[in-house]
Amino acid sequence: MNIPSNLKYTKDHEWVSLDGDVATVGITDFAQRELGDIVYVEVETLDQTLAKDEVFGTVEAVKTVSDLFLPLSGEIIEFNDALESTPETVNSDPYGDGWMVKVKISDVSEWDQLMDADAYKALIGA
């Protein structure tokens, strides 16, 4: 199982990277394996400002639909449009081309509340 140490994680199985005040968010390798074949990613919150833990979209797999929870408060400034035509990229490259949104964060202190790789491994029993 791939759990990069340079990222932060949530209990809801999202990963986050931070570049200045812009966070990139996706779902973890563990999450995509649990979901199975992803067939659709929906994000209708582009250009909206949301609070931490609010639902920013959904990911649909063959057997289920799951909400996506925003790990950091801020404005959704970009959606990975490539996922509209190739949602399976989330399965094949969850930490790379399978990213979902970019967020201009409004509270940098929330970053410190996210789990590091070791804490996330403990959460999922890896």
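Residues numbered from 1 in each chain as written. Predicted model: local features only at pLDDT ≥ 70, side-chain atom pairs only at ≥ 80, totals over all residues. Heavy atoms only, no water.

Peer 1: I would appreciate a short explanation of the overall build of the protein chain in the present structure.
Peer 2: Helix and strand counts for the protein chain stand at four helices and nine strands. The linear arrangement of helices and strands in the protein chain, starting from the amino end, is β-β-β-α-β-β-β-β-β-α-α-β-α. A globule of 126 residues ought to have a C-alpha radius of gyration of about 14 Å, and the protein chain, at 13 Å, matches this closely. Dimensions of the protein chain, computed from the C-alpha atoms along their principal axes, are close to 35 × 35 × 20 Å. Put simply, of all contacts in the protein chain between residues at least 6 apart along the chain, 61% involve residues at least 24 apart. For the protein chain, the computed accessible surface area is about 6,200 Å², with 45% contributed by carbon and sulfur atoms. (Helix = DSSP H or I, 4+ residues; strand = E, 2+ residues; numbered from the N terminus. Rg over C-alpha atoms; globule rule 2.2 N^0.38 Å. Contact = heavy atoms within 4.5 Å. Areas by Shrake-Rupley, 256 points an atom, 1.4 Å probe, with all protein chains shown as cover.)

Peer 1: I tried to follow the side chain of Gln-32 on my own but got confused; where do I start?
Peer 2: Along the chain, Gln-32 turns up in helix H1 (residues 29-35). Sequence-distant contacts of Gln-32, defined by excluding residues within four places in its chain, comprise Ile-27, Ile-38, Val-90, Asn-91 and Pro-94.

Peer 1: Before we go on, may I ask you to explain the pairing of strand E9 (residues 101-105) in this structure?
Peer 2: With burial as the criterion, only one face of E9 is covered, namely that bearing Val-101, Val-103 and Ile-105; the residues Lys-102 and Lys-104 on the opposite face remain uncovered. Pairing of strand E3 (residues 22-27) with E9, which is carried by four bridges, proceeds in the antiparallel orientation. Paired with Val-25 across the strands is Val-101, a residue of E9. For strand E8 (residues 74-79) and E9, the ladder comprises five bridges, and the chain directions are antiparallel. (Buried < 20%, exposed > 50% of the residue type's maximum accessible area, 1.4 Å probe, protein only. Pairing = 2+ DSSP bridges.)

Peer 1: Explanation requested: the environment of Asn-80 in the structure shown.
Peer 2: Here Asn-80 is to be found in the loop between E8 and helix H2 (82-85). When the C-alpha atoms of Asn-80 and Val-39 are compared, they prove to be 15 Å apart, with 41 residues separating the residues in sequence. Apart from residues lying up to four places away in sequence, Asn-80 is in contact with Asp-97, Gly-98, Trp-99 and Met-100.

Peer 1: What should I look at first to understand the side chain of Glu-110 in this one?
Peer 2: Assignment of secondary structure puts Glu-110 in the loop between E9 and helix H4 (117-124). Lys-52 provides the closest opposite charge to the buried, salt-bridge-free Glu-110, at an N-O distance of 6.3 Å. (Lys, Arg positive; Asp, Glu negative; His and termini not counted. Salt bridge = Lys/Arg side-chain N within 4 Å of Asp/Glu carboxyl O.)

Peer 1: Would you mind showing me how to read the nonpolar core here?
Peer 2: Soluble, globular proteins show a tendency: their nonpolar side chains are buried together. Judged by nonpolar contacts, the single largest core of 26 residues is most densely connected at Ile-27, Val-41, Phe-56, Met-100 and Val-101. Listed in part, the 11 residues of the second largest apolar core include Leu-7, Tyr-95, Ala-117 and Ile-124. (Core = buried A, V, L, I, M, F, W, Y, C linked by side-chain atoms within 4.5 Å.)

Peer 1: I tried to follow the pairing of strand E7 (residues 65-69) on my own but got confused; where do I start?
Peer 2: A regular strand carries its side chains on alternate faces of the sheet. By the bridge criterion, five bridges tie strand E6 (residues 55-61) to E7 in an arrangement that is antiparallel. Bridge assignment links Thr-58 to a residue of E7, and that residue is Asp-67. Taken together, E6 and the strand that follows it, E7, pair antiparallel across an intervening segment of three residues.

Peer 1: How should I be thinking about the sheet that holds E7 in this particular structure?
Peer 2: Two strands in a sheet stick together by hydrogen bonds in their backbones, pointing the same way (parallel) or opposite ways (antiparallel). Overall, antiparallel pairing links the three strands, which are arranged E4-E6-E7 in an open sheet. Only two strands of the sheet have a single neighbouring strand rather than two, namely strand E4 (38-42) and E7. On average, each strand axis in the sheet is tilted by 25° relative to the strand beside it, whichever way the strands run. In the sheet, E4 pairs with E6 via four bridges, with the strands oriented antiparallel. Of the residues in E6, the one forming a bridge with Tyr-40 is Glu-60. (Axes fitted to C-alpha atoms, helices over the stretch in contact; angles between N-to-C directions.)

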